[in-house]
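Coordinates in review
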Amino acid sequence: ALESQQREHEELLDAITAADVTRTSLASALEEPLCVAQAAVNAASRQVAELPRAPVDEVRALAAPPKAVVRALGIVHGILFGRDVKAALPQWRDLQKMLRREDFLARVKGFRVQGSALTDGAVLNKLQQDLAGTMGASGDVGPLTDAAVRRASQAVAVLF
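What counts as what
Residues numbered from 1 in each chain as written. Predicted model: local features only at pLDDT ≥ 70, side-chain atom pairs only at ≥ 80, totals over all residues. Heavy atoms only, no water. Helix = DSSP H or I, 4+ residues; strand = E, 2+ residues; numbered from the N terminus. Contact = heavy atoms within 4.5 Å. Areas by Shrake-Rupley, 256 points an atom, 1.4 Å probe, with all protein chains shown as cover. Buried < 20%, exposed > 50% of the residue type's maximum accessible area, 1.4 Å probe, protein only. pLDDT = per-residue confidence, 0-100. Core = buried A, V, L, I, M, F, W, Y, C linked by side-chain atoms within 4.5 Å. Salt bridge = Lys/Arg side-chain N within 4 Å of Asp/Glu carboxyl O. Expected span 1.5 Å × (residues − 1). Axes fitted to C-alpha atoms, helices over the stretch in contact; angles between N-to-C directions. Parallel < 35°, antiparallel > 145°, perpendicular 65-115°, else oblique. Left-handed = near helix turned anticlockwise from the far one by under 90°. Nonpolar A, V, L, I, M, F, W, Y, C, P; charged D, E, K, R; others polar.

1. What about the overall build of the protein chain?
Within the protein chain, the regular secondary structure consists of eight helices and zero strands. Moving toward the C terminus, one meets the helices and strands of the protein chain in the order α-α-α-α-α-α-α-α. In the protein chain, once contacts between residues fewer than 6 apart in sequence are set aside, the share between residues at least 24 apart is 70%. Within the structure as shown, the protein chain displays about 9900 Å² of accessible surface, and the carbon and sulfur contribution to it stands at 57%.

2. Observations regarding the side chain of glutamine 96
By the element assignment, glutamine 96 lies in helix 4 (residues 92–100). Glutamine 96 sits in the buried class, given a relative accessible area of 17%. Excluding its chain neighbours within four sequence positions, the residues that come into contact with glutamine 96 are Arg60 and Leu62.

3. Overview of the confidence of the model for the protein chain
When pLDDT is low, close inspection of the predicted coordinates is not appropriate. Per-residue confidence for the protein chain averages 76 on the pLDDT scale, and 71% of its residues sit at or above 70. The secondary structure element of the protein chain with the lowest average pLDDT is helix 1 (residues 2–49), at 66, and the one with the highest is helix 4, at 92.

4. Description of the nonpolar core
Counting residues in each nonpolar core, the largest one holds 31 residues, and the members touching the most others are Val59, Leu73, Trp92, Leu99, Phe104 and Leu159. The residues touching phenylalanine 104, leaving out its near neighbours within four places in the chain, are Arg53, Val56, Val76, Leu80, Met98, Leu99 and Leu159.

5. Here we look at the pattern of salt bridges
Counted according to the given criterion, the structure contains three salt bridges. Of the charged contacts, one joins arginine 101 and aspartate 103 as a salt bridge, the two residues approaching to 2.9 Å between their closest N and O atoms. Residue aspartate 103 is classed as partly exposed on the basis of its relative accessible area, which comes to 32%. The residue aspartate 146 makes a salt bridge to arginine 150 at a minimum N-O spacing of 3.5 Å.

6. Section: helix 3 (residues 67–81)
A rise of 1.5 Å per residue sets the reference length of helix 3, with its 15 residues, at 21 Å; its end C-alpha atoms lie 21 Å apart and thus fit the reference within 8%. Counted residue by residue, helix 3 has twelve buried out of 15 residues, so it is predominantly covered. Among the residues of helix 3, Ala68, Val69, Val70, Arg71, Ala72, Leu73, Gly74, Ile75, Val76, His77, Gly78 and Leu80 are the ones counted as buried. Tucked inside the fold, the buried residues of helix 3 contact helix 2 (53–60), helix 4, helix 5 (104–109), helix 6 (121–132), helix 7 (146–152) and helix 8 (154–159).

7. Some points on the packing of helix 3 against helix 4
Two elements in contact, helix 3 and helix 4, have axes separated by 10 Å at closest approach and are oriented at 60 degrees. For the element pair helix 3 / helix 4, the angle class is oblique. Two packed elements cross with a definite hand, and for helix 3 against helix 4 that hand is left-handed. Here Val69, Val70, Leu73, Gly74, Val76, His77 and Phe81 of helix 3 come into contact with helix 4, specifically with Trp92, Leu95, Met98 and Leu99.

8. Some points on the packing of helix 2 against helix 4
One can describe the packing of helix 2 onto helix 4 by two numbers: an axis separation of 9 Å at closest approach and a directional angle of 160 degrees. When the axis of helix 2 is compared with that of helix 4, the two are roughly antiparallel. As for the relative orientation of helix 2 and helix 4, their crossing is left-handed in sense. The residues of helix 4 that touch helix 2, namely those facing Arg53, Val56, Val59 and Arg60, are Trp92, Gln96, Leu99 and Arg100. Partitioned by chemical class, the residues of the contact of helix 2 with helix 4 number four nonpolar, one polar and three charged.

Below, the structure is given as structure tokens:
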């Protein structure tokens, strides 16, 4: 009977140890993408820190911006302010309001991945679809590339 209890005790300890290892592995796996994303955000923040307000105001003043500008800023909007996963990308007038905000550049510079819309799986999936163009965002079908955004607007490319 004592031997049986010892074996049972050892099996329980093994199970607890295995569960701890699994939990630690899962936590590490979930943390890694956030760390990588935050590193990318930090690198982009350094570029944004050097971006004066004037180019942002010039982009905002456009009556009919290139589609790449609207799509890129729509994705920036979704990252900063969240995203209704059932809605289309924001309209240009809504993006102009975002660019007009006094705290816009400060919000971009202070962005943190943890606790943002990027940690919501449904929102992240929708933003990836917007980037890929799989939903026909803004009449475009196809991926939104850094090169396309850069050709359309240097200021927006820094934000993108």
